[in-house]
Amino acid sequence: MELLERDGYLENLQQLYRRVSSGEGHTAFMMGEAGIGKTALINAFLKQINDKSNVYVGACDSLFTPTPLGPLYDIARNLSHDFWELLRTETDRANIFTSLIQELDEASLPVVLVFEDVHWADEATLDLIKFLARRIVRLKCLFLLSFREDEVGLHHPLRLVMGELPHQSVTRLHIEPLSEAVVHRLSEKAGYAGKEVYRLTRGNPFYVNEILASYSHGIPENIKDSVLSVFNRLDPAVKALWELIAVIPNRIENWLLKKVAPDDTQILETCFQKGILKADDHYIFFKHELFRIIIEESLSPPRRIWLNKQLLDILLAHRDPHIELARLVHHAKSARENDTVAKLALEAAPKAASLGAHTEAAEFYTTAITYASHLTPEEMARLHEAHAYECYLTNQILEAINSQKKALDLWRERQDKLKEGNALRFLSRLWWFQGNRKQSETFALEAIAVLENGFPTRERALAYSNLAQLKMLSDNVEQALHWGGKAIELAHKLEDQEILCHALNNVGTVCLTRPALHQKGGTDLHQSLSIAIAQGYQEHIARAYTNLGSCYVLTKQYDKGLTALEDGIAYCEERDLDSWTYYMLSWKARLYLEQGLWDKAASIAGDLLRNPRHPSIVRIGALVVLGKLLLRKGKDGALDLLKEATTLASSTLEVQRIVPVATALLEYRWIHGITDEFNEIIELAGQLLQQQDNPWYISEFNYWKHKSTGKPAVKEEIVDPYKSELQGDWKKAAKLWQELGCPYELAMALSDGNEEGQKQALTILDELEASGTSERLKQKMRLSGIKSIPRGLRQSTRENPAHLTTRQIDVLHLLQEGLQNQEIADRLFISLKTVDHHISAILSKLAVNSRMKAVAEASRLGILK
Amino acid sequence: MKKFIIERELPGAGQLSPGELKAISLKSCEVVSGLGKPYHWIESYVTENKIYCVHIAPDEATIREHAKRGGFPANSVEEVKAIIDPTTSAY
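Residues numbered from 1 in each chain as written. Chains lettered and ligands numbered in written order. Predicted model: local features only at pLDDT ≥ 70, side-chain atom pairs only at ≥ 80, totals over all residues. Heavy atoms only, no water.

A. Looking closely at the overall build of chain A. If you tally the helices and strands in chain A, you get 46 helices and eight strands. Each principal axis of the C-alpha atoms in chain A carries an extent, and together these give about 100 × 80 × 50 Å. For chain A, buried positions account for 57% of its 865 residues. Counting only contacts in chain A whose residues sit at least 6 apart along the sequence, the fraction spanning at least 24 positions is 63%. Computing the positive centroid from 101 side-chain charges and the negative centroid from 114, chain A places the two 4 Å apart. (Helix = DSSP H or I, 4+ residues; strand = E, 2+ residues; numbered from the N terminus. Buried < 20%, exposed > 50% of the residue type's maximum accessible area, 1.4 Å probe, protein only. Contact = heavy atoms within 4.5 Å. Lys, Arg positive; Asp, Glu negative; His and termini not counted. Charge placed at Lys NZ, Arg CZ, Asp CG, Glu CD.)

B. Structural detail: the overall build of chain B. Counting its secondary structure elements, chain B contains two helices and four strands. Taken from the N to the C terminus, the helices and strands of chain B come in the order β-α-β-β-α-β. Out of the 91 residues belonging to chain B, those deemed buried represent 34%. Of all intrachain contacts in chain B linking residues separated by at least 6 positions in sequence, the fraction that spans at least 24 positions is 72%.

C. Expanded view of the pairing of strand 2 (residues 40-46) of chain B. All names here are of chain B. Where strand 2 and strand 3 (residues 50-57) come together, six bridges link them in antiparallel fashion. Across the sheet, the residue bridging to W41 is H55, located in strand 3. Hairpin connection, strand 2 to strand 3: the antiparallel pair is bridged by three residues. (Pairing = 2+ DSSP bridges.)

D. Region of the structure containing the sheet that holds strand 6 (residues 252-253) of chain A. All names here are of chain A. Spatial strand order, 6-8-7: three strands in an open sheet with antiparallel pairing. The open sheet has two free edges, formed respectively by strand 6 and strand 7 (277-279), since each of these has just one partner strand. Across three bridges, the pairing between strand 7 and strand 8 (residues 283-286) is antiparallel. Counted as the bridge partner of A279 is I284 from strand 8. Across the sheet, helix 14 (residues 265-274) is in contact with strand 7 and strand 8; its angle to strand 7 comes to roughly 100 degrees. (Axes fitted to C-alpha atoms, helices over the stretch in contact; angles between N-to-C directions.)

E. A look at the pairing of strand 3 of chain B. Pairing of strand 1 (residues 2-9) of chain B with strand 3 of chain B involves eight bridges; the strand directions are antiparallel. Of the residues in strand 3 of chain B, the one forming a bridge with K2 of chain B is A57 of chain B.

F. Spatial organisation of unusual backbone geometry. All names here are of chain A. Following D720, the chain continues to P721 via a peptide bond in cis, the omega torsion being 0 degrees. Phi at E769 takes a positive value of approximately 60 degrees, unusual for a residue other than glycine. Secondary-structure assignment places E769 in the loop between helix 40 (755-767) and helix 41 (771-783). When its relative accessible area of 37% is taken as the criterion, E769 is described as partly exposed. At A847, a position not held by glycine, the phi torsion is positive, near 55 degrees.

G. Region of the structure containing the packing of aromatic side chains. Residue and element names in this part refer to chain A. If you walk through the whole model with that rule in mind, you get 24 aromatic pairs over all chains. Aromatic pair F115 and F143: ring centres 5.2 Å apart, planes at 85 degrees, arrangement edge-to-face. Note that F115 is positioned in strand 3 (residues 111-116) and F143 in strand 4 (residues 141-148), a separation of 28 residues in sequence. Taken as a pair, F115 and F143 share a single burial class, namely buried. Considering the side-chain rings of W242 and F291, the 5.9 Å spacing of their centres and the 70 degrees angle between planes classify their relative orientation as edge-to-face. Placement of W242 in helix 12 (residues 236-246) and of F291 in helix 15 (residues 289-298) is noted, with a sequence separation of 49 residues between them. Given a relative accessible area of 0%, F291 falls into the buried group. An aromatic cluster of three or more residues is present, and its members are Y389, Y392, F426, W432 and F433. (Phe/Tyr/Trp six-rings, centres within 6.5 Å; stacked < 30°, edge-to-face > 60°.)

H. Examining the pattern of salt bridges more closely. All names here are of chain A. Applying the stated criterion across every chain yields a total of 55 salt bridges over all chains. Close ionic contact of E566 with K588 constitutes a salt bridge, the shortest N to O distance being 3.3 Å. In this pair, E566 is assigned in helix 29 (residues 558-574) and K588 in helix 30 (residues 578-594), connecting sequence segments 22 residues apart. A relative accessible area of 35% means that E566 is categorised as partly exposed. Across the salt bridge formed by K735 and E739, the nearest N and O atoms sit 2.9 Å from each other. (Salt bridge = Lys/Arg side-chain N within 4 Å of Asp/Glu carboxyl O.)

I. Geometry of the domain arrangement of chain A. Considered domain by domain, chain A is made up of domain 1 (7-176), domain 2 (375-451), domain 3 (454-529) and domain 4 (797-865). The distance between the C-alpha centroids of domain 3 of chain A and domain 4 of chain A comes to 51 Å. (Domains from an automatic or database assignment.)

J. A look at the interface of chain B and chain A. Contact with chain B, which involves 16 residues of that partner, is made by 11 residues of chain A. Both faces considered, chain B and chain A share a buried interface measuring about 1400 Å² in area, 58% of it formed by carbon and sulfur atoms. In this structure, the connection of chain B to chain A is made through one salt bridge. The shortest N-O distance in the salt bridge between E20 of chain B and K493 of chain A comes to 3.2 Å. Counting the contacts that link chain B with chain A gives four residue pairs in polar contact (both at pLDDT 80 or more). (Buried area = accessible area lost by both parts, 1.4 Å probe. Polar contact = N/O pair within 3.5 Å; in protein donor to acceptor, adjacent residues only side chain to side chain.)

K. Expanded view of the confidence of the model for chain A. Of all residues in chain A, 97% have pLDDT values of 70 or greater, and the mean over the chain is 88. Element-level pLDDT for chain A is lowest in helix 42 (residues 793-799) of chain A, with a mean of 49, against a maximum mean of 95 in strand 4 of chain A. (pLDDT = per-residue confidence, 0-100.)

L. How the structure looks around the sheet that holds strand 4 of chain A. Residues and elements named next belong to chain A. Taken together, five strands build an open sheet; the order of strands is 2-3-4-1-5 and the sheet is parallel. Whereas interior strands pair on both sides, the edge strands pair on one side only; in this sheet they are strand 2 (54-59) and strand 5 (170-174). Within this sheet the neighbouring strands show an average axis-to-axis angle of 15 degrees, counted without direction. Bridge count for strand 3 against strand 4 is five bridges, and the pairing is parallel. Looking at strand 4, one finds that V112 is bridged to L142.

M. Spatial organisation of the nonpolar core. Residues and elements named next belong to chain A. With 265 residues, the main nonpolar core has L69, L113 and W242 as its most contacted residues. If we ignore the near neighbours within four places in the chain, the residues touching W242 are F231, L234, C271, I276, L277, F286, F291 and I295. Membership of the second largest hydrophobic core comes to 23 residues, among which are L814, V848, A854 and L864. (Core = buried A, V, L, I, M, F, W, Y, C linked by side-chain atoms within 4.5 Å.)

N. The arrangement of the packing of helix 8 (residues 180-190) of chain A against helix 9 (residues 194-201) of chain A in detail. All names here are of chain A. For the pair helix 8 and helix 9, interaxial distance at closest approach is 8 Å and the crossing angle is 125 degrees. In terms of orientation, helix 8 and helix 9 fall into the oblique class. For the pair helix 8 and helix 9, the crossing hand works out as right-handed. Of the residues in helix 9, those in contact with E180, V183, H184 and S187 of helix 8 are G194, K195, V197 and Y198. The residue makeup of the contact of helix 8 with helix 9, split by class, is three nonpolar, three polar and two charged. (Parallel < 35°, antiparallel > 145°, perpendicular 65-115°, else oblique. Left-handed = near helix turned anticlockwise from the far one by under 90°. Nonpolar A, V, L, I, M, F, W, Y, C, P; charged D, E, K, R; others polar.)

O. Here's a closer look at the packing of helix 22 (residues 417-433) of chain A against helix 23 (residues 437-451) of chain A. Residue and element names in this part refer to chain A. Interaxial distance between helix 22 and helix 23 falls to 7 Å at its minimum, and their mutual angle equals 165 degrees. Judged by the angle between their axes, helix 22 and helix 23 are roughly antiparallel. Here helix 22 and helix 23 pass one another in a crossing that is left-handed. Residues K417, L418, E420, G421, N422, L424, R425, L427, S428, W431 and W432 of helix 22 lie in contact with helix 23, whose contacting residues are R437, Q439, S440, F443, A444, E446, A447, V450 and L451.

P. Looking closely at helix 18 (residues 338-354) of chain A. Residue and element names in this part refer to chain A. Helix length check: helix 18 (17 residues) gives 25 Å between terminal C-alpha atoms against 24 Å at 1.5 Å per residue, within 8%. Those residues of helix 18 lying buried are T340, V341, A342, L344, A345, A348, A349, A352 and A353. Buried-residue contacts for helix 18 involve helix 16 (301-317), helix 17 (325-334), helix 19 (358-371) and helix 20 (377-393). Among the residues trailing helix 18, G356 stands out with phi positive, at a value near 85 degrees. (Expected span 1.5 Å × (residues − 1).)

Q. Structural view of the side chain of T513 of chain A. Residues and elements named next belong to chain A. Along the chain, the position of T513 falls in the loop between helix 26 (497-512) and helix 27 (518-535). Look at T513 and you get buried, because its relative accessible area is 4%. At 2.7 Å, the side chain of T513 forms a polar contact with the side chain of R514. At 3.5 Å, the side chain of T513 forms a polar contact with the side chain of N694.

R. How the structure looks around the environment of F231 of chain A. Within the fold, F231 of chain A resides in helix 11 (residues 223-232). Every residue in contact with F231 of chain A, bar those within four places of it in the chain, is listed here: K239, W242, E243, I295 and S298 of chain A.

Here it is in structure tokens:
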């Protein structure tokens, strides 16, 4: 069928191809419903550019459980022999991914790499897509991906991948159906009523084509009838061949067809001539996958089982490296060969896991558990544990708990203490992920009880470190030190670097936020990081950076915090350790919020919230940052964000999630002058804080509690600057906040001072555009009888043409006087960094590149007299 | 009943504290009494990185079951075929 109404898309692809040819790689997603003509369009494009580029085409299959890296196997045979060998033997997929990039990089001609039907892609392929698309711009490669839009719902993993790609180098092409006019034209040419054909097909090219192919007289009631009417009138031998090909998803290998149907060469030829079957160098396939599906679905169950059995027997007899295990499992399942299914699934699962296709590994293990009947209790226990682990990696925590519990019961029956203890420890970890602290701690303690036999085993060391981690997460310094200390001692004895690294991280993290233990905390955590780097423990490296960053932000050591977070984010981005990257970004947003860099904070938090699939701990952080910003700026939407954060944080029972939400809500109460809302989470925060002694959370919470209720709240653990502020020494507090570099908190301290201080606070709040907060302050000032309250930023900004803020104009005046930055800082009671910030804002607003020119330009505009 | 030498690899065994040695012994005795089979723990020699135990049991499987239930390593289990000492030279 000729390609109609597709010139625009082809031109789009040609444009992208020209960019690629000039060295700037690009990714394009071609999406549309089944039958819309994605493949036809791609083929037409490939035909146009075929002789001047290297083209590689791979496809994903609709198996019960897809083959890990399926499309890569398709293209590997056309890449170098080394790459093909690597793909077959390598178990570290990072090597596979980087080798592919190298292959693409070394090609002399531009490369067009096509992955079709990626809505069926396995997890490893999705990771590969992300890996490649993020690096594509450096390669001379056009990466084309097609998928069926109707199969990719909002929560499909492909959506997530697409959301995480750089916008500049990604294009999305929605393939539209044919227009009514074209359908009319085609129909009339074939002697049908255009209106009727369009009503049935809605312009889907495959359907239009099937109906107009004149299989029967008149128009069938539906498309299926149209296909089956041809099929049912076929010669029995042809029918049998079609049925056989139809039970294989997507396509059949030439050699395989020759084995299953050796005498059908003549029949095949006829089918090719009619255009129903097509062939390339390696495969034979139906002209369209929809055609195949309609035939497969029309098969009777016994016939389908028999056909699958035929294929399975041949595939098993000729175990070919080209035939992936996933396909064998598929046919074994369809043939109801339970023992074979179990055996193959057990073989396929670890292979999928080693390639990073954990979703598929978990599915294979589920299949194995369902079909296995001859396993010993030990084998069964191991199978359940492997399943639990893959489920844990793919965030199916309840399934993981279920399987791990079964493994535990089996080990218990066998009275195998080490296995039992280890299973208990992992259950504890799983319950923590599920957000259930109580269960988590119960199992953690039980694991230790089972493993405490005097023997210094690895299992026992892990159990100690696990409990230390739980205590660290709930900020219980005494307990974390107790169990962490035991883990460290044992790890030294066992010379086990990994446990040592894990335990030092837990102990270091909990110490870093306590003024008295701060030194030790830094040392331990950095030691943990060094061990992790020396040994190449990626997860431990990520965790060390994360905890360093979050602790430094919490203790307001922003320079160290920024360094740790930026190093950590760079490390994790390089390796696609996304969940760590996002969690660290949520802390970076908080850091910017506290430093008064609100645009940066809002941009990070907004990006994080746009992806609904981020885990609670990432979301809570971003919600609090953005909620506080909107609240302080007096904008709508703050409450919705903080309410969502409340729901997510409540079930964690962790101080580090709950207290930030509670303090944001206390601030909300204060700004809006209400006293009696959000009691539940605020009380919960208060209770949790009584059980531990993290001074920073205690201080922040009590400070806002005091502010919103007016009740005194001085406790021993409260640290400066909060302490001075709560003791009424607002000047000292202001000085400390200024030294720390926290403008908003500085304004809060000043607002508790005299009239002069309050006016300074208003200036700072105007700088921050915190009109929600400044309104509250003005109200307070009016009530205390202050008359001349400054008008505030918006008006004064509007009066000057370059939209300079009051503060920036102050700085300009001082620049005009010829003052240096330090002198300006001293004069305006702000930090050196803030002066830098103001000057660069002035330069950019006035569009000049030096302070001299800024003064000249401001004079010209009449801002300076 | 047969006599066995069990080798348990235990880095730093020589530094185990009296408390830890007591915990090991308690656990071992507890498992012995719960086995439901005749089983005798004769004695154990604690060296720098290994513990060598002498146990009497019906078979190797029971020795391994004892280790499993106690959570002890049993890196090798060898049956004692004969015992010799300086007096053996008198024959």
